[in-house]
Amino acid sequence: MAKTAEPKTTAAKTAGAKASRGTRTAAETEKIRVALIERRDELKAEHDQTLVDIAELQQHRLTDSAGDDQADTGTKTFEREQEITLANNILERINQVERALERLDEGGYGWCEKCGNAIPVERLAAFPSATLCVTCKQLEERR
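The paragraphs below set out a description of the structure included in this document. (Residues numbered from 1 in each chain as written. Predicted model: local features only at pLDDT ≥ 70, side-chain atom pairs only at ≥ 80, totals over all residues. Heavy atoms only, no water.)

1. Examining the pattern of salt bridges
Line of reasoning, step 1. As enumerated under the stated definition, the model contains 10 salt bridges in all.
Line of reasoning, step 2. A salt bridge links Arg-99 to Glu-106; its shortest N-O distance comes to 3.8 Å.
Line of reasoning, step 3. Here Arg-99 ties to Glu-113 by a salt bridge, and the two come within 3.1 Å at their closest N and O atoms. Taken as a pair, Arg-99 in helix α3 (residues 70-106) and Glu-113 in the loop between α3 and α4 (121-126) lie far apart in primary sequence, 14 residues in all. (Salt bridge = Lys/Arg side-chain N within 4 Å of Asp/Glu carboxyl O. Helix = DSSP H or I, 4+ residues; strand = E, 2+ residues; numbered from the N terminus.)

As structure tokens, then:
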């Protein structure tokens, strides 16, 4: 009599994935934490400098606006919006790194939030705050 293999349930898969998550050593975890903290600090410094630059440029624009026509005003508005967008993008990256630090503390760092599979080390090296594996990220971008 042939015995058929029963498919694993979702709960069993999740339990198996969580059990294998404890394979990172304390030294590896600390190395990741230090790298993420350094990256967060770099981004915060960049964000602070961007805000200072925006303030200086805004002050310069206010003092140098005599005789501006509609095109000049439109150009200055466009440039200001670009600078603010840049600052917001940096702030979003800071939030991503802080979320990665939270996931590291919770034991979920390096594991896909969607499917539960391990995120390849190469992906984490390129993008340390990744929360999705390559496959899930590609599916998300297609939508």
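On we go from here.
2. Quick notes on the environment of Arg-93
Line of reasoning, step 1. Locating Arg-93 in the fold gives a position in helix α3.
Line of reasoning, step 2. Residues Arg-93 and Ser-129, 36 residues apart in the sequence, show an inter-C-alpha distance of 8.6 Å.
Line of reasoning, step 3. With near-sequence residues (within four places) excluded, Arg-93 lies in contact with Arg-39, Leu-43 and Glu-46. (Contact = heavy atoms within 4.5 Å.)

3. Details of the state of the cysteines
Line of reasoning, step 1. Scanning the entire structure with this criterion turns up zero disulfides.
Line of reasoning, step 2. Not engaged in a disulfide, the cysteine Cys-112 finds its nearest cysteine sulfur in Cys-136; these two sulfurs lie 3.6 Å apart.
Line of reasoning, step 3. The cysteine Cys-133 is free of any disulfide, with Cys-136 supplying the nearest cysteine sulfur at 3.6 Å.
Line of reasoning, step 4. The class for Cys-133 is buried, based on a relative accessible area of 7%. (Disulfide = S-S within 2.5 Å. Buried < 20%, exposed > 50% of the residue type's maximum accessible area, 1.4 Å probe, protein only.)

Such coordinate-based values are descriptive only and should not be taken to indicate function.
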